Amino acid sequence: MDTLDIILTIVKVLVIFGGLMLMVAYMTLFERRVVAWIQNRIGPNRVGPNGILQPIADAIKLLTKEDVLPAGANKIIFSLAPTITFIPALLTIAVVPVSSSLTLFGRNITMVISDMNIGILYILAVSSIGVYGIILGGWASNSKYPLLGGIRSTAQMISYEVSMGLALVGLLMIAGTFSMTEIVNQQSSIIKWFVFRQPLGFILFAICALAETNRIPFDLPEAESELVGGYNTEYSSMKFAMFFMAEYAHIIAVSAIITTLYFGGWQGPILPPIIWFLIKVGFFLFAFVWIRGTLPRFRYDQLMRFGWLILLPLALLNILLTGIFMVL
Amino acid sequence: MQLAIFIIFAILCIFGSILVITLRSAVSSAIALVFVMCVIAGLFALVGALFVAALQVIVYAGAVMVLFLFIIMLLNLKEELISEDDKKFTRFLGIVLGTAFLFELAFFVRTALMRGSEALYEPVPKTLSSIAVISSELFTKFLFPFELTSVLLLIAIVGAILLAKKKNEK
């Protein structure tokens, strides 16, 4: 690896993470506007034209608020928890190819930060670290509701991680590779999209991914009516904001992963690949907000029963069916 | 470059390991252990064994330690839960195991030094680190231990269900 490669990698990291952070900021506005539209309201439209400066105003507000440390809280872990949640959510994007590779000055530049041959495993590994932030945040607050929220979220994430991993197995059997770039290359036309070859796998993965992001209808860790605010009850100021940024970063990452694995990634006709990628990701972001705006919350026992008694057997069935189709 | 990364990871690993045994609260200790496991995954990645690194994070840091933390939090372990008698016994056991481990470590360090410091971060040959190779080895050469492990896990699952059921019936 020479100096130019290192510089290129740094530029890619800056551009992709910078873009992701920008999307995280505007995701807050997007969600509020879309939910308002679903509920027949207007939503934030005062700061700048159509509320376009709202995220900046929010950031300034949150940064200047008092940072409260609850009595009896474990100071180090309490401060560390939001970061532990936020960083894995960002890191997942590192293996997602955002565009086709580019040839510039006789050099082949891949539009992915790290094209490792175990891309999918990397995603599973990184997202399994994210749960620590929530459980530790809940525990370190030294308060009842956050602890309950933290414990709930752990149980939920462990349960749905199993089904998520198994839902992907069917896709991996057909693709025969863990590399995200390879998987995108295999979906060169619409008929080859994995969503048509793995419909059940896609539905299962989408549900589990939704559960992993802790959003409605799976947002029991922060169910307001039962737990005040869940694991983030005691948090304030920027630490609180970090939890929310983590949630939005997670949603964007999940949308990008679904696009890449099941909807052909950046592949598409006429328009440049990066535009196709953003259109597809944008659609799933909208779908996430749409789901939030329309569905009620699960009850806790329903959630667990659904995860273990419906999703898990279906994921196993999917593997079996895929195997049968591959042999035939 | 590689040596520098190795040294950073090694120092972090030792630092984390010391934290695991010196921190008083069980939760902090468990977090330090998670940290050590992630650093070890980094070391695996450094030698090119990405698959093993990913598994290290998924299985140990992601699954096992989450359950550990979960249980520590549910039981709400306090610092002074270990009685004096237990402490004496664990101290004795610790000295014996520690000495044995020290010899083991000395042996490994000697072999590593004989091969030169590059051996520390020498990339694993591609033929050994790929998923296909690992899985075919696992299902042919090491089939018996592999199956044995799965039986062991099955026993553990059945045991856990049995324990959980007993409590409910009472």
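Residues numbered from 1 in each chain as written. Chains lettered and ligands numbered in written order. Predicted model: local features only at pLDDT ≥ 70, side-chain atom pairs only at ≥ 80, totals over all residues. Heavy atoms only, no water.

### Considering the interface of chain B and chain A
The interface of chain B with chain A comprises 20 residues on the first partner and 20 residues on the second. Taking both sides of the interface into account, the surface hidden between chain B and chain A amounts to around 1800 Å²; carbon and sulfur atoms contribute 87%. Of all residues in chain B, Val 66, Phe 70 and Met 73 of chain B give up the largest surface area on contact with chain A, accounting jointly for 30% of the area buried on that side. Summed over the shared surface of chain B and chain A, the result is zero salt bridges. Counting across the chain B and chain A interface gives two residue pairs in polar contact (both at pLDDT 80 or more). At the level of elements, α2 (26-46) and α3 (50-75) of chain B are the ones that each hand at least two residues to the side of chain B that touches chain A. Taken together, the residues of the side of chain B that touches chain A sort by class into 18 nonpolar, two polar and no charged. (Contact = heavy atoms within 4.5 Å. Buried area = accessible area lost by both parts, 1.4 Å probe. Salt bridge = Lys/Arg side-chain N within 4 Å of Asp/Glu carboxyl O. Polar contact = N/O pair within 3.5 Å; in protein donor to acceptor, adjacent residues only side chain to side chain. Helix = DSSP H or I, 4+ residues; strand = E, 2+ residues; numbered from the N terminus. Nonpolar A, V, L, I, M, F, W, Y, C, P; charged D, E, K, R; others polar.)

### A short note on the packing of helix α1 (residues 2-22) of chain B against α2 of chain B
Residues and elements named next belong to chain B. Running from N to C, α1 and α2 point in directions that differ by 160°, and their axes come no closer than 8 Å. It follows that α1 is roughly antiparallel to α2 by the angle criterion. Here α1 runs over α2; the crossing is left-handed. Residue-level inspection shows Gln 2, Ile 5, Phe 6, Phe 9, Leu 12, Cys 13, Gly 16, Ser 17, Leu 19 and Val 20 of α1 in contact with α2, the latter providing Ser 29, Ala 32, Leu 33, Phe 35, Val 36, Val 39, Ile 40, Gly 42, Leu 43 and Leu 46. Across the contact of α1 with α2, the residue classes tally to 15 nonpolar, five polar and no charged. (Axes fitted to C-alpha atoms, helices over the stretch in contact; angles between N-to-C directions. Parallel < 35°, antiparallel > 145°, perpendicular 65-115°, else oblique. Left-handed = near helix turned anticlockwise from the far one by under 90°.)

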